[in-house]
Amino acid sequence: MSDNKKQKRRIYKPKSISGFPEWLPEIRRAEQVWFEHIQKVFESYGFCNIETPSVETLDTINAKGGDGGADVDKEVYILERLHKDESDKEARLALHFDQTIPLARYTAQHFNDLVFPFKRYQMQRVWRGERPQAGRFREFYQCDIDVINVDQLPLHFDAEMPAIIWEVLSSLPGMENENIQIRISNKAILIGLFQHLEIKNNISEITRIIDKKAKTTEEQYVKSMLENGLNVKQIEQIEDVITSKNIKDIPYYNNDMEDGIAELSFVLEQLSHLPEGAVVADLSIVRGLDYYTGTVYETVFNKDPSYGSICSGGRYDDLASNYINKKLPGVGISIGFSRLFDCIRAKGQLPDLGKSPADILMILPSEKRRKTASQTARLLRNRGYNVELSHGGKIKRQLAYAQKKGIAYVWFPPFEDGLDHEVKNMNTSEQKPASPNEWSKND
RNA sequence: GCGACCGUAGUUCAGCUGGUAGAACACUCGGUUGUGAUCCGAGACGUCGCGGGUUCGAGCCCCGUCGGUCGCCCCA
């Protein structure tokens, strides 16, 4: 190629798109291991998998409406054709920003064909148009489990969710030294309290302040509460409730509160087999999407709660009332997979799985030996090993290739008929004769 | 949506008070004949994010713009 021609070629320098993470093969391998692990635990509890399209119609997304709707709207990404002209009337499509709305729509749509209680898990990407920052993405994975039933859903499911989550999170490779905590509350308690205190205005603002209490000073907290129309006595009564160390000590003033406390203590009791501190009541958890009505969950790194929740969820009385004329209560929880994964990745705690899934690199000594090499590779694959047939070239390059890719064993087929196969362990540098029919990693 | 900081080879960065670019790592090849990580040698790779301005002259100064990082908001 001439220099002229070379200069004319315009290079569009690739740049990462903020908030849309992508990984090198070695990281992606760990990510896949995580997915497999989560899937395995979910399925061990009998949850089945579904996958829904990346998009929902805008109508479906908007049907949720309510007070949460407006805020959520701003975060929704729209998918449309580049050359769409004004007259096109096709339905506008929205990339889903969670997996709960798709689940609601799915359940309503396939109501006749589903078996209830419907227990499903879903591990897909979701999209949110926010400013990315540490632990916060615009495209990320969530791993959701939900149980949905018709008319009534037994309360024990509220306890099953955190039990499953604890099992998943505490055993993910790389999480060994992490101290996580699932915090549980019940929205009925605060709702009942607000009713009792006759708080009717600025409820969402007040709950937000309560939620952020841990991050602010006492002075600021009281000041913002006063600014939102509360009086000192109300603030004190709220304080009594949300700081109760023991559920039995929570004062209650009406049925809502009593029910909420009863539910919360039932759920906690069901979880008493978990290690101390794994699951705790925390009445200051009031955030989360507005459709939660009872139990709510939030999960944090105990040492760094400010990283944000890595797993949240709760109970909703009526998941799909906007899509079907049935009462479908449910309870679910969602692992913020990408947030969690990225945190463990950044700390360098992911297991080192190498850049390749291959167990063995089959050396190609020369073109003449290709047949032997590929036959041996096939044989070993049939025995369950992952075997990459080398691209050939100098032996030293082939070995260097295996080393760079982190392939643990290099297999030398006989260089001439009548000679032995040999296997080299790249970690110990040990090399010895081997039989393709009998060799194992422990040899 | 608001605020702070940043933008030079594939990557991490250096570049003196403005005089037209360097290092390390990574990459390719070589150090003969069947064996990696080290070592040695050679090579390739940048219109210094983009656009304008000031200047005899700008990677360095000014303005704009786009992108990135981190806070806030909100959330997984």
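Residues numbered from 1 in each chain as written. Chains lettered and ligands numbered in written order. Predicted model: local features only at pLDDT ≥ 70, side-chain atom pairs only at ≥ 80, totals over all residues. Heavy atoms only, no water.

Caption draft 1: How the structure looks around the protein's contact with RNA strand B. What surrounds RNA strand B is a group of 40 residues, the closest being R128, R136, R208, K212 and S429. Counting only the atoms of RNA strand B that lie within 4 Å of the protein, the sugar and phosphate share comes to 49%. S18 has a polar side-chain atom sitting 2.3 Å from a phosphate oxygen of RNA strand B. The separation between a sugar or linking oxygen of RNA strand B and a polar main-chain atom of S309 is 2.2 Å. For the surface near RNA strand B, the elements supplying multiple residues, two or more each, are strand 6 (139-148), strand 10 (311-316), helix 14 (395-405) and strand 15 (421-425). For the surface near RNA strand B, the element with the most residues is helix 14, which contributes seven residues. The class makeup of the residues in the surface near RNA strand B is 13 nonpolar, 11 polar and 16 charged. (Near = heavy atom within 4 Å. Polar contact = N/O pair within 3.5 Å; in protein donor to acceptor, adjacent residues only side chain to side chain. Helix = DSSP H or I, 4+ residues; strand = E, 2+ residues; numbered from the N terminus. Nonpolar A, V, L, I, M, F, W, Y, C, P; charged D, E, K, R; others polar.)

Caption draft 2: Structural context of the nonpolar core. L169, I238 and I335 are the most contacted members of the largest nonpolar core, which totals 71 residues. Among the elements that take part in this core, helix 6 (residues 156-171) stands out by supplying nine residues, more than any other. The contacts of L169, once residues within four sequence positions are left out, are M175, I180, T299, I310, C311, I335 and L340. (Core = buried A, V, L, I, M, F, W, Y, C linked by side-chain atoms within 4.5 Å. Buried < 20%, exposed > 50% of the residue type's maximum accessible area, 1.4 Å probe, protein only. Contact = heavy atoms within 4.5 Å.)

Caption draft 3: Broad picture of the sheet that holds strand 8 (residues 279-281). The eight strands lie next to each other as 1-5-6-11-10-9-7-8, forming an open sheet whose pairing is mixed. The sheet is open, and its two edges are formed by strand 1 (48-49) and strand 8, each paired on a single side. As judged from the two bridges shared by strand 1 and strand 5 (residues 118-127), these two strands associate in the parallel manner. Within the sheet, the bridge partner assigned to N49 lies in strand 5 and is Y121. (Pairing = 2+ DSSP bridges.)

Caption draft 4: Structural detail: the domain arrangement of chain A. Assigned domains of chain A: these are domain 1 (25-346) and domain 2 (360-434). Using only C-alpha atoms to locate each centre, domain 1 and domain 2 end up separated by 50 Å. (Domains from an automatic or database assignment.)

Caption draft 5: Spotlight on a positive patch on the surface. Positive charge collects at one region of the surface, where K394, K396, R397 and K404 lie side by side. On the secondary structure map, R397 appears in helix 14. (Patch = residues over 30% accessible without salt bridge, like charges linked within 9 Å, V, L, I, M, F, W, Y side chains within 5 Å. Areas by Shrake-Rupley, 256 points an atom, 1.4 Å probe, with all protein chains shown as cover. Salt bridge = Lys/Arg side-chain N within 4 Å of Asp/Glu carboxyl O. Lys, Arg positive; Asp, Glu negative; His and termini not counted. Charge placed at Lys NZ, Arg CZ, Asp CG, Glu CD.)

Caption draft 6: Fine view of the side chain of S334. Assignment of secondary structure puts S334 in strand 11 (residues 330-335). In this structure S334 comes out as buried when scored by relative accessible area, which is 12%. Polar side-chain contacts of S334 include one of 2.7 Å to the side chain of D144. Leave out the neighbours within four places in its chain, and S334 touches Q142, C143, D144, I310, C311 and S312.

Caption draft 7: Just unusual backbone geometry, in detail. In this model, F116 is joined to P117 through a cis peptide bond whose omega is 0°. At D151, a position not held by glycine, the phi torsion is positive, near 70°. Relative to the assigned elements, D151 resides in the loop between strand 6 and helix 6. Look at D151 and you get partly exposed, because its relative accessible area is 46%.

Caption draft 8: Region of the structure containing the sheet that holds strand 16 (residues 431-434). What the five strands build is an open sheet, ordered 13-12-14-15-16; its pairing is mixed. One side of each edge strand has no neighbouring strand; the edge strands of this open sheet are strand 13 (387-389) and strand 16. The mean inter-strand angle of the sheet, taken between neighbouring strand axes irrespective of direction, is 25°. As defined by bridge partners, strand 12 (residues 360-362) adjoins strand 14 (residues 409-412) across three bridges and the pair is classed as parallel. In the sheet register, M362 faces strand 14, and the bridge partner there is W411. Packed on one face of the sheet, helix 13 (residues 370-382) meets strand 12, strand 13, strand 14 and strand 15 and runs near 165° to strand 13. The strands touched by helix 14 are strand 12, strand 13 and strand 14; relative to strand 14, the strand with the most contacts, the crossing angle is about 155°. (Axes fitted to C-alpha atoms, helices over the stretch in contact; angles between N-to-C directions.)

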